[in-house]
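# Descriptive structure summary
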Amino acid sequence: MSDLTIDDFFRGKEDSRKLFDAISREVDHLGDATVQVSKSQVAFRRRKSFALVWIPGQYLSNRRTAPLVLALSFPTRDASPRWKEITEAGPNRFTHHLELYRKEDVDDDVRRWLRATWEQAA
């Protein structure tokens, strides 16, 4: 178990923190969930993780990276063109990566996707 806090994770990364806070508010509206912070990501969990956020600038040298990436897992590929990348993590498990640049990116689509993964993680 990590002793890192959310403040530790986002220290010096104010744009990323604002986007995380926007996601966190949406998760709060869904209901019970916990937050688990590691060195590489922050996970929102119920029985299992249902949403992960990470800061691509920690790993990618390209300065044009998004301040935050939201990763969600679905049993099928979602057809939205908004996904930066979709990987097949296993049978009936597709991880979808969404780059977030502004708080407005956390919109109705994101709320719908978060609800779907939150419900699957019960």
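A quick note: this is a predicted structure, and the numbers were derived from the prediction, not measured. (Residues numbered from 1 in each chain as written. Predicted model: local features only at pLDDT ≥ 70, side-chain atom pairs only at ≥ 80, totals over all residues. Heavy atoms only, no water.)

Attention now moves to the overall build of the chain. Counting its regular elements, the chain contains 3 helices and 6 strands. Secondary structure elements of the chain, listed N to C terminal, follow the sequence α-α-β-β-β-β-β-β-α. Dimensions of the chain, computed from C-alpha atoms along their principal axes, come out at roughly 35 × 30 × 25 Å. Buried residues in the chain amount to 37% of all 122 residues. Summarising the internal contacts of the chain: among those between residues at least 6 apart in sequence, 51% fall at separations of at least 24. Taking the 21 positively charged and 19 negatively charged side chains of the chain as two groups, their mean positions are separated by 3 Å. (Helix = DSSP H or I, 4+ residues; strand = E, 2+ residues; numbered from the N terminus. Buried < 20%, exposed > 50% of the residue type's maximum accessible area, 1.4 Å probe, protein only. Contact = heavy atoms within 4.5 Å. Lys, Arg positive; Asp, Glu negative; His and termini not counted. Charge placed at Lys NZ, Arg CZ, Asp CG, Glu CD.)

With respect to the secondary-structure elements, E26 resides in helix α2 (residues 14-30). With a relative accessible area of 16%, E26 lands in the buried category. Residues contacting E26, with those up to four places away along its chain left out, are V106, R111 and L114.

Turning our eyes to something else, we now look at the sheet that holds strand β2 (residues 42-45). Pairing is antiparallel in the open sheet, where 6 strands are placed in the order β1-β2-β3-β4-β6-β5. Only two strands of the sheet have a single neighbouring strand rather than two, namely β1 (34-37) and β5 (85-90). The mean inter-strand angle of the sheet, taken between neighbouring strand axes irrespective of direction, is 25°. For β1 and β2, the ladder comprises 4 bridges, and the chain directions are antiparallel. If you follow V37 over to β2, its bridge partner there is V42. Its contacts with the sheet place α2 against β2, β3 (49-54), β4 (68-74) and β6 (93-100), and it is angled at close to 5° to β2. Packed on one face of the sheet, helix α3 (residues 108-120) meets β3, β4 and β6 and runs near 50° to β4. (Pairing = 2+ DSSP bridges. Axes fitted to C-alpha atoms, helices over the stretch in contact; angles between N-to-C directions.)

A few words on the packing of α2 against α3. Where α2 contacts α3, the axes come no closer than 10 Å and their chain directions differ by 50°. It follows that α2 is oblique to α3 by the angle criterion. Here α2 and α3 pass one another in a crossing that is right-handed. Facing I23, E26, V27 and L30 of α2, the residues of α3 in contact are V110, R111, L114, R115 and W118. Within the contact of α2 with α3, the residues separate by chemical class into 6 nonpolar, no polar and 3 charged. (Parallel < 35°, antiparallel > 145°, perpendicular 65-115°, else oblique. Left-handed = near helix turned anticlockwise from the far one by under 90°. Nonpolar A, V, L, I, M, F, W, Y, C, P; charged D, E, K, R; others polar.)

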